[in-house]
Amino acid sequence: MKKIKYLIPLCCFFALVTTNSFIYARQVAQMKTMPGDGNMYVNVVNGNDTAAGNKDHPIKTVTEASKRINAAKGKGSITVYISKGLYTLSETADFNPKYWEFTKENRLTIRAEVLPGDSNWSPADMPILLSAMSFSEEKNNKGEATGGQNFGLLIQQSHVSILGLRIMGEPVHENPSKGILIRNYPVVWEGKDLEDLHVAQCLFIGNKYAIPNHLAILSNGKNLEVDHCLFYGIKDAVVMWNSAATNSSFHHNIIADTYGAVVWTWSATDDFKFYNN
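Cut-offs and rules
- Residues numbered from 1 in each chain as written.
- Predicted model: local features only at pLDDT ≥ 70, side-chain atom pairs only at ≥ 80, totals over all residues.
- Heavy atoms only, no water.
- Helix = DSSP H or I, 4+ residues; strand = E, 2+ residues; numbered from the N terminus.
- Polar contact = N/O pair within 3.5 Å; in protein donor to acceptor, adjacent residues only side chain to side chain.
- Contact = heavy atoms within 4.5 Å.
- Phe/Tyr/Trp six-rings, centres within 6.5 Å; stacked < 30°, edge-to-face > 60°.
- Buried < 20%, exposed > 50% of the residue type's maximum accessible area, 1.4 Å probe, protein only.
- Lys NZ or Arg CZ within 6 Å of the ring centre and 35° of its normal.
- Salt bridge = Lys/Arg side-chain N within 4 Å of Asp/Glu carboxyl O.
- Core = buried A, V, L, I, M, F, W, Y, C linked by side-chain atoms within 4.5 Å.
- Pairing = 2+ DSSP bridges.
- Axes fitted to C-alpha atoms, helices over the stretch in contact; angles between N-to-C directions.

Asks: Tell me what's going on with the side chain of serine 131, and back it up with residues and numbers.
Replies: With respect to the helices and strands, the residue serine 131 is situated in strand S8 (residues 128-131). Of the polar contacts made by the side chain of serine 131, one reaches the side chain of asparagine 184; its length is 3.2 Å. In contact with serine 131, not counting residues within four places along its chain, are Leu89, Gly152, Gly169, Glu170, Pro171 and Asn184.

Asks: Break down the packing of aromatic side chains for me, citing the residues and quoting the values.
Replies: Applying the stated criterion across every chain yields a total of 8 aromatic pairs. Judged by centre distance (5.5 Å) and plane angle (80°), the rings of tryptophan 264 and tryptophan 266 are edge-to-face. Relative accessible area serves as the criterion here: at 52%, tryptophan 266 is assigned to the exposed category. Through a chain of ring-to-ring contacts, the aromatic side chains of Phe204, Phe231, Phe250 and Phe274 assemble into a single cluster. Over the aromatic face of tyrosine 99 sits the side chain of lysine 73, whose NZ or CZ is 5.7 Å from the ring centroid.

Asks: If you had to explain the pattern of salt bridges to someone new, which residues and values would you point to?
Replies: Counted according to the given criterion, the structure contains 7 salt bridges. In this structure, the salt-bridge partner of arginine 68 is glutamate 64, at a minimum N-O distance of 2.8 Å. Of the two residues, arginine 68 and glutamate 64 are both situated in helix H2 (residues 62-71); the distance of 4 residues between them amounts to about one turn of the helix. Here arginine 68 and glutamate 64 have matching classes, each one buried. A salt bridge links lysine 67 to glutamate 91, with the shortest nitrogen-to-oxygen separation between them at 3.5 Å. Of this pair, lysine 67 sits in helix H2 while glutamate 91 sits in the loop between strand S4 (86-89) and strand S5 (93-95), and the two are 24 residues apart along the sequence. Given a relative accessible area of 45%, lysine 67 falls into the partly exposed group. Residue glutamate 91 is classed as partly exposed on the basis of its relative accessible area of 38%. Within this structure, Lys104, Arg107 and Asp196 form a network of salt bridges that share partners.

Asks: Go over the nonpolar core, please, and point to the residues and values.
Replies: Counting 50 residues, the largest nonpolar core has Ile162, Leu165, Phe204 and Phe231 as the members making the most contacts within it. With residues near it in sequence (within four places) discarded, leucine 165 still touches Ile82, Ile110, Arg111, Ala112, Met126, Pro127, Leu129, Leu153, Gln201, Cys202 and Leu203. Grouped together as the second largest cluster of nonpolar side chains are 7 residues, Met126, Met168, Ile205 and Ile211 included.

Asks: Kindly report on the sheet that holds strand S3 (residues 78-82), identifying the contributing residues and their values.
Replies: Taken together, 8 strands build an open sheet; the order of strands is S1-S3-S7-S11-S14-S17-S20-S23 and the sheet is parallel. Whereas interior strands pair on both sides, the edge strands pair on one side only; in this sheet they are strand S1 (39-42) and strand S23 (273-275). With strand direction ignored, the average angle separating the axes of adjacent strands in the sheet is 10°. Where strand S20 (residues 249-251) meets S23, 3 bridges bridge the pair, whose relative direction is parallel. The partner of phenylalanine 250 across the bridge, within S23, is phenylalanine 274.

Asks: Outline unusual backbone geometry, supporting the account with residue identities and numerical values.
Replies: For aspartate 196, which is not a glycine, the phi torsion comes out positive at approximately 75°. Tracing the chain through its elements places aspartate 196 in strand S14 (residues 195-200). Non-glycine residue asparagine 242 carries a positive phi angle of around 65°. Topologically, asparagine 242 is positioned in the loop between strand S19 (236-240) and S20. Residue classification places asparagine 242 among the partly exposed residues on the basis of a relative accessible area of 48%.

Asks: Can you break down the sheet that holds S8 residue by residue, with the values?
Replies: The strand order across the open sheet built from 6 strands is S4-S8-S12-S15-S18-S21, with neighbouring strands paired in parallel fashion. Two strands in the sheet have a free side with no partner beyond their single neighbour: S4 and strand S21 (254-256). Across the sheet, the mean angle from the axis of one strand to that of its neighbour is 15°, orientation sign disregarded. Of the pairings in the sheet, the one linking S8 to strand S12 (residues 166-168) comprises 2 bridges and is parallel in character. Within the sheet, the bridge partner assigned to leucine 129 lies in S12 and is isoleucine 167.

Below, the structure is given as structure tokens:
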């Protein structure tokens, strides 16, 4: 009887702990999902990556936003609102939503919370994205090191807009020694049969010796439109490669102090539009 007497409270204790753990896990799982209205808010100062992700309870990192979108199932527009502040990317923010359907009208938008053109905008409102992640190790067929690369925002989806961000490179030596090239790609659009990427009102900034921005936008798709952006101190503004970049355009941009090319490509087609730059 004594054993039973002590066993009952012990069983109740474990049952209570198990129940509370289950409830906590369920609450965390519910929080780490997409907000019902499709609007996700990111705030590096006040956010928490276990929060709901709505305006009152923002998450903290752009990478967490990408993970939640990748796990979501459904269709319709999704907008990621990024508040002002410095966002250090310690890993690639990989947007690859396989279970969500976007269209040209209902798209994925990654944008500053306050955009240039808004009545209350100032340059300080631009969220700053700075890469600070490790680089891949690349070698030639002799096993000799030739360099490395990494990606800031990796977009593996059609029908995407990137608006109002200040996007920097990474503070490394781009050419640490002869024959070695270290490359940071802040925005990469890569995948199969991609179409419709719009990049506007963004500032891409770098410095060859202090914080190289090797290539602002690396694009592998059609219907790329880049407009009203400023490219300063970078190597190349846009590279279009691999697949035919039909119906693409680069217009109303300012390019200063580049040390490579404005548009470097072997995949542009006859309908490529380059004007008012």
